[in-house]
Amino acid sequence: MTSAADPPPRLRRPSWAGRNYSLLTAAAFVTNLGSHGALIAAAFAVLENGGDGGDVGLVAAARTLPLVLFLLIGGAIADRLPRHRVMVAANALNCLSQAAFAALVLTGEPQLWQMMLLTALGGTGQAFFSPAAEGMLMSSVQGEQVGRAFAVFRMAMQGAGVGGAALGGAMVAVIGPGWVLAADAAAFAVAGSLRAFLDVGHIPAREQGGGLLADLREGWREFSGRPWLWGIVLQFSIANAVVGAADAVYGPLVARDHLGGAGPWGLALGFFGAGTVAGALLMTRWKPRRLLFVGTLCVFPLALPSAALAVPVPVGLLCAVMFLTGITLEVFGVSWMTALHQEIPEDKLSRVSAYDWFGSVALVPLAMALAGPSESLFGRTASLWGCAVLVVVVTAAVLCVPDVRNLTRRTEPVAGHPAVAVPAGTRTEPATTVAVAVPPPPPQAAPAATKPDGGRGALG
């Protein structure tokens, strides 16, 4: 028995949920809450100011182009400078660009070039943020529960997406896109403040190397030496491009013409987010042995939303399709992060992540820019069916890579990983984990998701 004077028991975090992990999770929750609504708001800001599908694609491409151009530099810098400083600076740039975008929409009639310029600034911030964030998250967890840690992180992040997409769509319909963009700017400010308190003292200081180009070459060797890694990145370079065009350009147009506008489209995106939460919850318990084989099989349903929009199906069925896609894609996302964490040395995480992101989004600006002309040439329905077919073809192709089928989960730490003390100057070989019958050689996702943000999940 306890007396009234006894203090209440303190809630203890799991051993894998340290201070950095908790800060990163909270910050990702905040930014995803704002950014999922902002994606809808940006598209409808263009449409409400006289733009068409081609203009929506140009604005989306303007964000992705600098992301492609600066990602590799961002990865090298994130492995050279304290990662949390890079993240905070990038969040500040995203905050300012979204605030300016919101001000333009709220106070006047923004020109297309102005919206493209501001979204390009946001893409530049993301190019420096993403590799630093992925490296920081990977170095914040260790031990046998890394898969559960990544699943819980993604569950919080995707849970914010559920509320952000649904709330953003409703806010766009009721008070207009400008206020949604302003809320996203505030979210970046809050998240950047949280990330300023991250501790990088546990990360060993980098030895002086040969400069930026030498860092990029070293990252390329790590990336190109793993067929499972570059094979899946090639897969998602195409899948992300077509899914990004379907979601960012055709989705709002189908919603406007057939589903009732921004509200139903935001609801469908919210169901996708709910599916990712359910998938992450599943992955807190499920630990598939063949990580990438199971994960890649779960990418096939990524073709379903494009097919559903091509019909188009009623809102209720579209929501069900999005929910199923979210579940399966989150299985891939957690499996991918676990594979990257166990296979890539800590001091090269950001650079490898940069090559991963670069390959995964390289074709997105082209797809966004061509979405409008493709609709004019082939029609919206044929373009959407083409997106669905391409996802199926490239996913089937990557299963031909033996390492994708046979890479297995580790139960012990990898040499060079932060969980293992490696003496200074020790050379660590790239680790491999493959089934016994396959010789070694020796990520993200989201669509947009990750890999596309919806697939691997944006880290915010």
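Residues numbered from 1 in each chain as written. Predicted model: local features only at pLDDT ≥ 70, side-chain atom pairs only at ≥ 80, totals over all residues. Heavy atoms only, no water.

A. Layout of the packing of aromatic side chains. Counted by the stated rule, this structure contains seven aromatic pairs. The side chain of R290 reaches across the aromatic face of F293, ending 4.4 Å from its centre. (Phe/Tyr/Trp six-rings, centres within 6.5 Å; stacked < 30°, edge-to-face > 60°. Lys NZ or Arg CZ within 6 Å of the ring centre and 35° of its normal.)

B. Focus on the pattern of salt bridges. Evaluation of the coordinates by the stated rule reveals eight salt bridges. The salt bridge involving D215 is made with R351; its shortest N-O contact spans 3.8 Å. Pair noted here: D215 is in helix 7 (residues 212–224) and R351 is in helix 13 (residues 349–361), with a separation of 136 residues, a long-range link. A residue is classified by how much of its surface remains accessible, and D215, at 2% relative accessible area, is buried. Using a relative accessible area of 1% as the deciding quantity, one classes R351 as buried. The shortest N-O distance in the salt bridge between R256 and D257 comes to 3.1 Å. One continuous salt-bridge network, built from bridges that share partners, spans D215, E218, K348 and R351. (Salt bridge = Lys/Arg side-chain N within 4 Å of Asp/Glu carboxyl O. Helix = DSSP H or I, 4+ residues; strand = E, 2+ residues; numbered from the N terminus. Buried < 20%, exposed > 50% of the residue type's maximum accessible area, 1.4 Å probe, protein only.)

C. View of the environment of V174. Relative to the elements of secondary structure, V174 occurs in helix 5 (residues 146–175). Each C-alpha atom of the pair V174 and A262 lies 9.9 Å from the other, and the pair is 88 residues apart in sequence.

D. Inspection of unusual backbone geometry at higher detail. Put simply, V311 and P312 share a cis peptide bond, and its omega is -15 degrees. Examined against the element boundaries, P312 turns out to sit in the loop between helix 11 (304–310) and helix 12 (315–343).

E. How the structure looks around helix 14 (residues 364–378). The end-to-end C-alpha separation of helix 14 is 19 Å, in line with the 21 Å expected for 15 residues at 1.5 Å each. Within helix 14, the axis deviates most sharply at A371, by approximately 40 degrees, and proline P373 lies no more than four positions further along. Along helix 14, the positions that sit buried rather than exposed are V364, P365, A367, M368, A371, G372, S374 and E375. Among the residues trailing helix 14, G379 stands out with phi positive, at a value near 95 degrees. (Expected span 1.5 Å × (residues − 1). Bend = angle between axes of the 7 residues up to and from the residue.)

F. Structural detail: the confidence of the model for the protein. The share of residues in the protein with pLDDT of 70 or more is 83%, and the mean pLDDT across the chain is 79. Residue range residues 413–460 is modelled with pLDDT below 50. Its contacts to residues more than four positions away, or to other chains, number 154 contacts. (pLDDT = per-residue confidence, 0-100. Contact = heavy atoms within 4.5 Å.)

G. Expanded view of the packing of helix 5 against helix 9 (residues 262–283). Contact geometry of helix 5 with helix 9 gives a least axis separation of 8 Å together with a crossing angle of 170 degrees. When the axes of helix 5 and helix 9 are compared, the pair comes out roughly antiparallel. Counted together, G147, A151, R154, M155, Q158, G159, V162, A165, A166, G169 and V172 of helix 5 and A262, G263, G266, L269, G270, G273, A274, T276, V277, A280, L281 and M283 of helix 9 form the full contact between these two elements. Looking at the contact of helix 5 with helix 9 residue by residue, the class counts come to 13 nonpolar, nine polar and one charged. (Axes fitted to C-alpha atoms, helices over the stretch in contact; angles between N-to-C directions. Parallel < 35°, antiparallel > 145°, perpendicular 65-115°, else oblique. Nonpolar A, V, L, I, M, F, W, Y, C, P; charged D, E, K, R; others polar.)

H. Representation of the packing of helix 5 against helix 6 (residues 177–195) within the structure. Where helix 5 meets helix 6, the axes come as close as 7 Å, and the angle between the chain directions of the two elements is 135 degrees. Viewed along their axes, helix 5 and helix 6 adopt a mutual orientation that is oblique. Contact residues: G168, M171, V172 and I175 in helix 5; P177, W179 and V180 in helix 6. Of the residues assigned to the contact of helix 5 with helix 6, the class counts are six nonpolar, one polar and no charged.

I. Representation of the environment of L67. Its location among the elements puts L67 in helix 2 (residues 53–80). Distance in space between the C-alpha atoms of L67 and P365 is 9.4 Å, their sequence separation being 298 residues. Excluding anything up to four places from it in sequence, L67 contacts G123, Q126, A127 and V361.

J. Inspection of the side chain of S353 at higher detail. Mapped onto the elements, S353 comes out in helix 13. S353 sits in the buried class, given a relative accessible area of 0%. Dropping the residues within four chain positions of it, S353 is found in contact with S130, P131 and E134.

K. Just the side chain of S306, in detail. By secondary structure assignment, the location of S306 is in helix 11. S306 sits in the buried class, given a relative accessible area of 4%. Leave out the neighbours within four places in its chain, and S306 touches A246, L384, C387 and A388.

L. How the structure looks around a nonpolar patch on the surface. A cluster of nonpolar side chains, namely L65, L69, F70, I73 and L212, defines an oily patch on the protein surface of about 410 Å² accessible area. For the nonpolar patch, the element with the highest residue contribution is helix 2, accounting for four residues. If you trace the backbone, I73 turns up in helix 2. The class for I73 is partly exposed, based on a relative accessible area of 31%. (Patch = residues over 30% accessible without salt bridge, like charges linked within 9 Å, V, L, I, M, F, W, Y side chains within 5 Å. Areas by Shrake-Rupley, 256 points an atom, 1.4 Å probe, with all protein chains shown as cover.)

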